[in-house]
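So the chains spell out like this:
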Amino acid sequence: MNITSQALTERLQACLSPDFVEVIDESASHAGHMGADDSGFGTHFRVRIQSDIFTGKSRVSRHRLVYDALQEYIDQGLHALAIEVIETP
């Protein structure tokens, strides 16, 4: 499995054209939890994102856009994704 913060960032940039995106690999702090592997990388991520594409959409719709953009990685073993959508001023 080769899921990295950089790969997720690139996919989100390509799919959602964000004004801001930050992807943090939090896998190491989830060692021993369900979905974590022995590497400590590539299973648990936090996404902070701001994009005009989210304007006027519900929280569920915003999260669905992020999940849809990252579906390939979810299929590869991305286990947990915390999503923080930053409101566009």
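Calculation notes
- Residues numbered from 1 in each chain as written.
- Predicted model: local features only at pLDDT ≥ 70, side-chain atom pairs only at ≥ 80, totals over all residues.
- Heavy atoms only, no water.
- Pairing = 2+ DSSP bridges.
- Helix = DSSP H or I, 4+ residues; strand = E, 2+ residues; numbered from the N terminus.
- Axes fitted to C-alpha atoms, helices over the stretch in contact; angles between N-to-C directions.
- Contact = heavy atoms within 4.5 Å.
- Polar contact = N/O pair within 3.5 Å; in protein donor to acceptor, adjacent residues only side chain to side chain.

Q: Looking at this structure, I do not really get the sheet that holds strand 2 (residues 44-50). What am I missing?
A: Strand pairing in a sheet takes place through backbone hydrogen bonds and is either antiparallel or parallel in direction. The three strands lie next to each other as 1-2-3, forming an open sheet whose pairing is mixed. Two strands lie at the open edges of the sheet, namely strand 1 (20-25) and strand 3 (80-85), each paired on one side alone. Averaged over all neighbouring strand pairs, the angle between strand axes comes to 15°, with direction disregarded. Relative to strand 3, strand 2 runs parallel, the two being bridged by six bridges. Bridging across to strand 3, H44 finds its partner in A80. Its contacts with the sheet put helix 1 (residues 5-16) on strand 1 and strand 2, and the angle it makes with strand 1 is roughly 155°.

Q: Please explain the side chain of S51 as it appears in this structure.
A: Along the chain, S51 falls in the loop between strand 2 and helix 2 (59-69). Of the polar contacts made by the side chain of S51, one reaches the backbone oxygen of L16; its length is 2.8 Å. In this structure S51 touches L16, S17, P18, D19 and T88, once residues within four positions along its chain are discounted.

Shape descriptors only; they carry no functional weight alone.
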